[in-house]
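# Structure assessment
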Amino acid sequence: MTELVLQALVTGVLLGGIYSLICVGLTLTFGVMRIINFAHGEFLMVAMYGTYFFVKAFNTEAYLAVIVVLPGLFLLGIIVFQLFVRPVLGADQLNQMLLLVGLSLVFENGALALFSPDTRSVQSALTFAKLEIGDVIIGLPKLIAFAVSVIITLSLYWLLRSTELGRQIRAAASDRDAAALMGINVNRVNMLAFGIGIGCLGIAGPVTMPIFYVVPNIGTFFILIAFVVVVLGGIGNFIGALCASFIVAITESLGAIFMPGSTAPVLPFIFFVLVLLFKPEGLFGMRAQ
């Protein structure tokens, strides 16, 4: 039992890194624009399909697809922002939600029509590579995803705290009108923030393809986890989202040991509901004054 718990903890930490890599972009857009991107999971699906076809076209490693998928997702984010998101930024939240839910359905059903519901995956030289430390087995693809997740999270934290663009993003997130009066181009800042948030999925797609398969509705699973992580971590809190990813993943891994059947994935959502009841601002968020 001790060995099982230790393995579950390690697996949970590595899985948490994957969740964080997927959620960090949503944390940025949610924190800056206060808009809930319901299509975030479908953007990840686009990145994964892009990775799959890159690998098939060039017969290479999935990780190399980042040189194409990352700029592609960034540009896609910019286009979607300008065409769909920017016009509704000042609109009612229900209108924003309906637009982005509709956009997610367009992406999902478009992929279904183009690629069929068949599962697709890529084989990497590292797919079955592993490290053994005593009785604990660490899959190398998950370890790579974990490392990339930490690097991306800390890089975005540095971007927001130590660069001029980061200061502009934080100013626009705090008070759009005051930021505009100070000479900040709020529309440009929002566009770049949305592009960067979607662009992060251009890294997540190639990194996760050696671990997961892709189908048109894969985004539905990830968006549920992403919302849980973002809210638990506190709105716009990158370090909080990273920690919340670990908590959610470890809870799920431990639940697989102690809970019957396939009920383990329910455990993080039960924990999420309890946190909302007693600390609605999230585990690492601050209560609004």
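Here's a quick rundown of the structure. From a predicted model like this one, the values you see are computed outputs, not experimental measurements.

With that settled, consider the overall build of the chain. What the chain contains, in helices and strands, is 12 helices and 2 strands. Listed by position from the N terminus, the elements making up the chain come as α-α-α-α-β-β-α-α-α-α-α-α-α-α. In terms of C-alpha radius of gyration, the chain reaches 19 Å, essentially the compact-globule figure of 19 Å for 289 residues. The 289 residues of the chain split such that 47% are buried. Across the chain, the fraction of contacts at a sequence separation of at least 24, relative to all contacts at a separation of at least 6, is 77%. When the accessible area of the chain is evaluated, it comes to approximately 13700 Å², of which 69% is carbon and sulfur surface. With 13 positive and 13 negative side-chain charges, the chain shows a separation of 8 Å between the mean positions of the two kinds.

Estimates place the volume of the largest pocket at around 600 Å³. Tallied by class, residues from the lining of the largest pocket come to 11 nonpolar, 7 polar and 4 charged. Approximately 170 Å³ is the volume found for the second largest pocket. Together, L70, F74, I152, S155, L156, I196, G199, C200 and I203 line the second largest pocket. Counting only elements with at least two residues in the lining of the second largest pocket, the list comes to α3 (66–85), α5 (140–162) and α8 (186–199). The greatest single-element share of the lining of the second largest pocket, amounting to 3 residues, is contributed by α5.

Applying the stated criterion across every chain yields a total of 3 salt bridges. Between E164 and R167 there is a salt bridge, with its nearest N and O atoms 3.5 Å apart. On the criterion of helical spacing, the pair formed by E164 and R167 is a turn pair, its members being 3 residues apart in helix α6 (residues 164–174). Classification of E164 as partly exposed rests on a relative accessible area of 48%. Judged by relative accessible area, which is 41%, R167 ranks as partly exposed. A salt bridge links K279 to E281; its shortest N-O distance comes to 3.3 Å.

Turning our eyes to something else, we now look at the nonpolar core. With 80 residues, the main nonpolar core has F43, V85 and L156 as its most contacted residues. When residues of this core are assigned to their parent elements, the largest contribution, 12 residues, is made by helix α1 (residues 2–33). With near-sequence residues (within four places) excluded, V85 lies in contact with I35, V80, L99, L100 and F194.

This part is about unusual backbone geometry. With a phi angle near 55 degrees, R34 is a residue other than glycine that sits in the positive phi range. Note on R34: relative accessible area 45%, which makes it partly exposed. One non-glycine residue, S116, adopts positive backbone phi at about 70 degrees.

Taking 1.5 Å as the rise per residue, α5 with 23 residues should run 33 Å; its terminal C-alpha atoms sit 32 Å apart, in good agreement. Along α5, the residues that are buried comprise P141, A145, S149, I152, T153, L156, L159 and L160. As for α5, its buried residues are in contact with α1, β2 (136–139), α6, α8, α9 (201–208) and α11 (238–258).

Moving on, we get to the environment of G72. Position of G72 among the secondary structure elements: in helix α3. Looking at G72, the relative accessible area reads 35%, which means it is partly exposed. Measuring from C-alpha to C-alpha, the distance between G72 and T127 comes to 25 Å, with 55 residues separating the pair along the chain.

Moving on, we come to helix α12 (residues 266–278). The α-helix advances 3.6 residues per turn, and as a result positions three or four apart in sequence lie on the same side. For α12, with 13 residues, the first-to-last C-alpha span of 19 Å sits near the 18 Å given by 1.5 Å per residue. Every buried residue belonging to α12 is among P268, F272 and V275, and all of these are buried. Projected down its long axis, α12 shows its buried positions confined to an angular sector of 65 degrees, all on one face. Along α12, the residues that are exposed and aim more than 90 degrees away from the buried face are L277 and F278. Looking at the buried side of α12, the elements it contacts are α10 (218–233) and α11.

Reading the values: the criteria
Sequence order as written defines the numbering, with residues in each chain counted from 1. Thresholds applied to this predicted model are a pLDDT of at least 70 for local features of residues and 80 or more for the giving and counting of side-chain atom pairs; totals over whole chains, interfaces and linings are not thresholded and use all residues. Note that the side-chain values use all heavy atoms of the structure and ignore hydrogens as well as water. Only DSSP runs of H or I reaching four residues or more are called helices, and only runs of E reaching two or more are called strands; each is numbered from the N terminus. It is over C-alpha atoms that the radius of gyration is taken, and the globule rule equals 2.2 Å times the number of residues to the power 0.38. Think of it in three bands: with a 1.4 Å probe and only protein chains considered, a residue is buried below 20% of the maximum accessible area for its type, exposed above 50%, and partly exposed in between. By the convention used here, residues are in contact when the closest approach between their heavy atoms is within 4.5 Å. Reported accessibility uses the Shrake-Rupley method at a 1.4 Å probe radius. Residues are deemed covered only where the shown protein chains occlude them. Residues scored as positive are Lys and Arg, those scored as negative are Asp and Glu, and His as well as the terminal groups of each chain are ignored. One atom stands in for each charge, and that atom is NZ of Lys, CZ of Arg, CG of Asp or CD of Glu. Residues are called lining when one of their atoms sits within 4 Å of a cavity or pocket point, these points coming from a 1 Å grid over the protein atoms alone, where a cavity is a set in which a 1.4 Å probe fits but cannot get out and a pocket is an open set with protein on both sides within 12 Å along at least five of seven lines. Grid points are joined across faces, edges and corners, and a volume is the space filled by probe spheres set on the points. Charged means Asp, Glu, Lys or Arg here, nonpolar means Ala, Val, Leu, Ile, Met, Phe, Trp, Tyr, Cys or Pro, and polar covers whatever is left, Gly included. The rule for a salt bridge is simple: a side-chain nitrogen of Lys or Arg has to be within 4 Å of a carboxyl oxygen of Asp or Glu. Think of a nonpolar core as a cluster: buried Ala, Val, Leu, Ile, Met, Phe, Trp, Tyr and Cys residues, connected wherever their side-chain atoms sit within 4.5 Å. The span you would expect from a helix comes to 1.5 Å times its residue count less one. Picture the helix axis, draw a direction to every C-beta atom, and the arc is the one those directions span.

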